[in-house]
Amino acid sequence: MNWRVRPEMAVWEFACIASCFLFLSTHTASAIPAFADQTGVQCNACHVGGFGPQLTPLGRQFKLEGYTMRAGDSFTVPFSAMAVVSYLRTNADQAAPPAPHYAVNDNATIDQISLFAAGGIGDHFGGFSQFTYDGVGRSVAWDNLDLRAVDHVTIGDSDVLIGASLNNAPGVQDIWNTVPAWGFPYTDSDLAPAPTAGTILSGALAQTTLGMSAYAWWNNSIYTEVGLYWTPTHGFLRAMGADPDDGAGRISGAAPYFRLAYQKDYGDENFQLGVFGLFPNLYPGGDRSTGMSDHYADMGFDGTYQFVGTGENIYEVQAIFTHEHQSLDASYALGLANAHNTLNDFRLDGSYYWHNEIGGSIQYFNTWGSADGLLYGDSATASPNSSGVLLQIDGTPFGNEPSSLGPRFNLRVGVQYRIYAKFDGGTTNYDGLGHNASDNNTLRIFAWLAL
């Protein structure tokens, strides 16, 4: 299926996003604050562990309602900021040349500094926009965007929340922390070594697309969503600090997206089961010379179990499996890949938080698929297979009570350790140059500040 989008859409893109930014930032007829001020509750009401982005049932409802819930009508500042800094050490010095201004190992860095405009307008409109300074790449670009319009209707005897989301990455609009856009580890660093292979849904189209989706939330239990994603013009993306040719490529026409999930609450606990799919046709590197595109079909399922209780002990288990089928007509014609490939990705993680202050998490991750000597040429086995475990402990001292620096101030500090059992197709000598998967084991100490 090849949905067409006219070039004139660029005018609408600029006008729509600019007007939404302006609306979020300057409209003063109603309260348009940063979310903590707007709702009048502490971070632990909406976030597991007292810090984002893991959502509690209240946090999910707040997002579904278009970020419109508020306490009172007084105006509060609609801007927020955050910064992430970290120290990284890998098990062995990295073979690839380091990013400019960094060593082959033992690096301290500013990972990112972000500015948000966020809030709700009346009962039907809200959202957030984020611009980020990338401390590793030393550049500024738009980051996550989610602008919504919502309403409640009655269909039969059912209360249905309906909404529309304009966003810039498949999954950014999702309310569960399984999809890659919001999945564990929630914060990472571009300095950390990462496997080559990843599904399109794992972030390959983030910040290089725009999408419009419509969703319905039936009786606070069943979630349905359909949408389309397209690639904006080069001019628009350059203005946003992004370049689609650096990622998976430009979308031919528009890419359909769907999401279906069921959530059930049982007092202190809740669970969710869902399925999803994304079906983009892509010009690799923006190259249209073959007259063909690469066809991807990403489909999968996910699940979440969460025990919130009184907040003294919080448990959460999450899982997601994605299967990707690739018909790489354009890449094959260009000599970049086999004609057909498959790629699979599985993630299973669990978290525990004590009093929403001190927590520990563990994740098992596994990516595997068909061998391709052209697509995975840096692997000695021509394989995309990578697997391992990620461990994290962290503390959030101000998630329950305001700090002396004010109710907006929040901080998370933590330690991560990523262990690779397999990296880019191998356990030992995975690249043919004598490097082992364990060489990429990474210790990361981070601090994550929000204001």
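Everything that follows concerns the structure shown earlier in this document.
Here's a quick rundown of the structure. Given the structure is predicted, the values throughout are model-derived calculations rather than measurements.

Conventions used here
- Residues numbered from 1 in each chain as written.
- Predicted model: local features only at pLDDT ≥ 70, side-chain atom pairs only at ≥ 80, totals over all residues.
- Heavy atoms only, no water.
- 1 Å grid on protein atoms, 1.4 Å probe; cavity = no way out; pocket = protein on both sides within 12 Å on 5 of 7 lines; lining within 4 Å.
- Points joined across faces, edges and corners; volume = space filled by probe spheres on them.
- Nonpolar A, V, L, I, M, F, W, Y, C, P; charged D, E, K, R; others polar.
- Patch = residues over 30% accessible without salt bridge, like charges linked within 9 Å, V, L, I, M, F, W, Y side chains within 5 Å.
- Areas by Shrake-Rupley, 256 points an atom, 1.4 Å probe, with all protein chains shown as cover.
- Salt bridge = Lys/Arg side-chain N within 4 Å of Asp/Glu carboxyl O.
- Helix = DSSP H or I, 4+ residues; strand = E, 2+ residues; numbered from the N terminus.
- Buried < 20%, exposed > 50% of the residue type's maximum accessible area, 1.4 Å probe, protein only.
- Core = buried A, V, L, I, M, F, W, Y, C linked by side-chain atoms within 4.5 Å.
- Contact = heavy atoms within 4.5 Å.
- Pairing = 2+ DSSP bridges.
- Polar contact = N/O pair within 3.5 Å; in protein donor to acceptor, adjacent residues only side chain to side chain.

1. Things to note about empty space enclosed by the protein
Taken as a whole and assessed by the stated rule, the structure comprises one cavity of 30 Å³ or more. Reported here for the largest cavity is a volume of approximately 60 Å³. Residues belonging to the lining of the largest cavity are distributed by class as follows: seven nonpolar, two polar and no charged.

2. Focus on a nonpolar patch on the surface
A cluster of nonpolar side chains, Ile 222, Leu 260, Tyr 262, Val 275 and Phe 301, forms an exposed patch at the surface whose accessible area comes to about 420 Å². With respect to the element layout, Val 275 can be found in strand S10 (residues 269-278). Judged by its relative accessible area of 33%, Val 275 is partly exposed.

3. A look at the nonpolar core
Membership of the largest hydrophobic core comes to 21 residues, with the highest contact counts inside it found for Phe 128, Tyr 420, Phe 423 and Trp 448. For this core, the secondary-structure elements that each account for two or more residues are strand S1 (79-90), strand S2 (107-121) and strand S18 (442-450).

4. Some thoughts on the environment of Ile 393
Summarising the element assignment, Ile 393 is placed in strand S16 (residues 386-395). Judged by relative accessible area, Ile 393 falls into the exposed class, the value being 54%. Separated by 52 residues in sequence, Ile 393 and Ile 445 place their C-alpha atoms 9.9 Å apart. Contacts of Ile 393, omitting those with residues within four sequence positions, involve Gly 359, Gly 360, Val 413, Gly 414 and Val 415.

5. Topic: the pairing of strand S4 (residues 139-155)
Across nine bridges, the pairing between strand S3 (residues 125-134) and S4 is antiparallel. Note that in S4 the partner of Phe 125 across the bridge is Ala 149. Relative to strand S5 (residues 158-167), S4 runs antiparallel, the two being bridged by 10 bridges. Counterpart to Ile 155 in the pairing with S5 is Ser 158. Between the antiparallel neighbours S4 and S5 lie two residues, among them Gly 156 with a positive phi of about 65 degrees.

6. Quick word on helix H3 (residues 57-64)
Across the eight residues that make up H3, a large majority, six, are buried. Of the residues making up H3, those classed as buried are Gly 59, Arg 60, Gln 61, Phe 62, Lys 63 and Leu 64. At the C-terminal side of H3, Gly 66 shows a positive phi close to 75 degrees.

7. Concerning the pattern of salt bridges
Enumeration according to the criterion identifies nine salt bridges in this entry. Arg 444 serves as the salt-bridge partner of Asp 111, at 3.1 Å between the closest nitrogen and oxygen. One end of the pair, Asp 111, is in strand S2; the other, Arg 444, is in strand S18, and 333 residues separate them in sequence. There is no split in this pair, since Asp 111 and Arg 444 are both buried. Residue Arg 259 pairs with Asp 174 through a salt bridge whose shortest N-O separation is 2.7 Å. Residue Arg 259 is located in strand S9 (residues 255-266), and its partner Asp 174 is located in the loop between S5 and strand S6 (210-218); the two are separated by 85 residues in the primary sequence. Accessibility assignment for this pair places Arg 259 and Asp 174 in one class, buried.

8. Side note on the environment of Trp 176
Mapping Trp 176 onto the fold places it in the loop between S5 and S6. Residue class for Trp 176 comes out buried when judged on its relative accessible area of 1%. In sequence terms Trp 176 and Glu 401 are 225 residues apart; their C-alpha atoms lie 25 Å from each other. With near-sequence residues (within four places) excluded, Trp 176 lies in contact with Arg 60, Trp 217, Tyr 223, Arg 259, Ala 261, Gln 263, Gln 272 and Thr 304. At a separation of 2.9 Å, a polar atom in the side chain of Trp 176 contacts the side chain of Gln 263.

9. What about unusual backbone geometry?
Cis geometry is found at the peptide bond from Gly 52 to Pro 53, where omega equals 0 degrees. Following the sequence through the fold, Pro 53 ends up in the loop between helix H2 (35-39) and H3. Here the residue pair Phe 184 and Pro 185 is connected by a cis peptide bond, since its omega of 20 degrees sits within 30 degrees of zero. Among the secondary structure elements, Pro 185 is positioned in the loop between S5 and S6. One non-glycine residue with positive phi stands out, namely Asn 219, at about 50 degrees. In this structure, Asn 219 sits in the loop between S6 and strand S7 (222-230). Using a relative accessible area of 40% as the deciding quantity, one classes Asn 219 as partly exposed. Residues other than glycine seldom take positive phi values, yet Asn 429 does so here, at roughly 50 degrees. By the element assignment, Asn 429 lies in the loop between strand S17 (410-422) and S18. On the basis of relative accessibility, which here comes to 34%, the residue Asn 429 falls in the partly exposed class.

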